[in-house]
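# Topology and contacts: notes
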Amino acid sequence: MMNKVSIIIPVYNVEKYLPACLDSVLNQSHQNVEIILINDGSTDSCAHICDEYARRDGRIQVMHQQNAGVAVARNAGLQKATGDFISFVDADDLLHPEFYTKLLGSLQKHHADIVECGFLRFANEEDLPTQETQMKGSEKTYATEKALELLIREEIKQMPCNKLFTAQVNKGILFPPGRKHEDDFWAYLIVGNAKKIVVRDEVLYFYRQHIESNMGRKYNVTRLEGLLAIEQRIAYMRDHFPNLENAAAKTFCLGALWHYQQLHKNKEIDPDKSLRKNIIHRIKKYNKVEVFSKWKPKEIFWYQFFRWLPDECVKCRTYMNIGI
């Protein structure tokens, strides 16, 4: 059968949320799916929950592996996938019942490679809207370079879970093993590999935010991996989409300022200032007129202030309540 969707779900110590996630996947209006659960060395009852759901529904496959991280788990799922389309779901999140029907319809209607929908953060199921909060029929299509520009500006999100992809556009692109912010390293490669991207405004994905999630925690040193990803993105743009190099460099430099500010606020993470010194060293290479020629004057001001007087700059921004 055509239109088969491979749904890849890494699972790690989310026993409290996993059944609700799987129920939302199984209750989709589009039923032609294979569900690949990768139990990434869970120490709670997730392994049992995965196996129990697989016994109930033949569309579910379970892979058990030693804990190796989300990137390795997703890559294992990609190697196992046989569908025409690929979807990634986090094991503590929820899907709207029409998630696949609507996203698949958009892909086919526009002959696109990737479709993204709106998503809603929530802490408890009680926080979810009782009726659909959607803007029906609102969708836009973008060619590769424009989509990458929107990705750099974070108008297209780096997260894979609010998207549906063709299997072809995923071919040969894997998540970097061992990285905490694997999405940031992967997103620009997959968008750069697509010829057409559709963005729907409808809220069809529900992202659970809790203290155990990476984004739910206090600022920590692993967040710097996200900064490395957007720095590597500059070289990719230079080689493949040179018109976007300036925008990518701006995002990195202003993102570096934000990270420096967080390290300044949480000094116990960087007691000898080595991380902050490294950030300043890295941003100085972009002090070229051709790099920030397209930046706004305000952005150039903050970059130069930060480059010359980083501690004074972050104190000023904190006082002005910027970037906190």
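Structure: above.
First, a word on scope: everything that follows refers to the structure included in this document. Because the structure is a prediction, the values reported are computed rather than measured.

Along the backbone of the protein there are 13 helices and nine strands. Against the 2.2 N^0.38 benchmark of 20 Å for 324 residues, the protein shows a C-alpha radius of gyration of 21 Å, consistent with a compact globule. Its C-alpha atoms give the protein principal-axis dimensions of roughly 60 × 45 × 40 Å. Classification of the 324 residues of the protein by burial places 53% in the buried group. For the protein, the exposed area adds up to about 15,400 Å²; of that, 53% sits on carbon and sulfur atoms. Of the charged side chains in the protein, 44 are positive and 41 negative; the average position of the first set lies 7 Å away from that of the second.

With that settled, consider the packing of helix H9 (residues 245-265) against helix H13 (residues 310-319). Axis separation between H9 and H13 bottoms out at 10 Å; the angle between their running directions is 85°. With respect to their mutual orientation, H9 and H13 come out roughly perpendicular. Contacts between H9 and H13 involve Leu 257, Tyr 260, Gln 261 and His 264 on the former and, on the latter, Pro 310, Asp 311, Cys 313, Val 314, Lys 315, Arg 317 and Thr 318.

Turning to the side chain of Asp 311, a few remarks are in order. By the element assignment, Asp 311 lies in helix H13. Asp 311 sits in the buried class, given a relative accessible area of 18%. Here Lys 273 takes part through its side chain, which lies 2.8 Å from a polar atom of the side chain of Asp 311.

Further remarks concern the packing of aromatic side chains. For the structure shown, the criterion picks out 19 aromatic pairs. For the ring pair Tyr 219 and Trp 258, a centre distance of 5.7 Å and an interplane angle of 70° mean the geometry is edge-to-face. Of this pair, Tyr 219 sits in the loop between strand E9 (196-208) and helix H8 (224-240) while Trp 258 sits in helix H9, and the two are 39 residues apart along the sequence. A relative accessible area of 8% places Tyr 219 in the buried class. Taking relative accessible area as the criterion, Trp 258 reaches 29% and is therefore assigned partly exposed.

About the cut-offs
Sequence order as written defines the numbering, with residues in each chain counted from 1. Where totals are concerned, whole chains, interfaces and linings use all residues; where local detail is concerned, this predicted model gives features only for residues with pLDDT of at least 70, and gives and counts side-chain atom pairs only at 80 or more. For the side-chain quantities, the full set of heavy atoms in the structure was used; hydrogens and water were omitted. In DSSP terms, a helix is any run of H or I states spanning at least four residues, a strand is any run of E spanning at least two, and both are numbered starting from the N terminus. As a reference, a globule follows 2.2 Å times the number of residues to the power 0.38, and the radius of gyration itself is taken over C-alpha atoms. Only protein chains enter the accessibility calculation, which uses a 1.4 Å probe; a residue is then buried when its area is under 20% of its type maximum, exposed when over 50%, and partly exposed in between. Using a 1.4 Å probe, accessible areas were evaluated by the Shrake-Rupley method; residue-level cover was limited to the displayed protein chains. Only four residue types enter the charge count, namely Lys and Arg as positive and Asp and Glu as negative; His and the chain termini do not. Charge placement uses NZ in Lys and CZ in Arg. For Asp and Glu, CG and CD serve respectively. Axis lines are fitted through C-alpha atoms, for helices just across the contact stretch, and the angle between N-to-C directions can take any value from 0 to 180 degrees. Between 65 and 115 degrees an angle is taken as roughly perpendicular, under 35 as roughly parallel, over 145 as roughly antiparallel, and anywhere else as oblique. Note on definitions: a residue-residue contact is assigned when non-hydrogen atoms from the two residues lie within 4.5 Å. N or O atoms within 3.5 Å of each other form a polar contact, as long as, within protein, one can give a hydrogen and the other can take it, and as long as residues adjacent in sequence are counted only when both atoms are side-chain atoms. Geometry of aromatic contacts follows a simple scheme: Phe, Tyr and Trp rings, the Trp one being its six-membered ring, pair when their centres are within 6.5 Å, and the pair is stacked under 30 degrees between planes, edge-to-face over 60, tilted otherwise.

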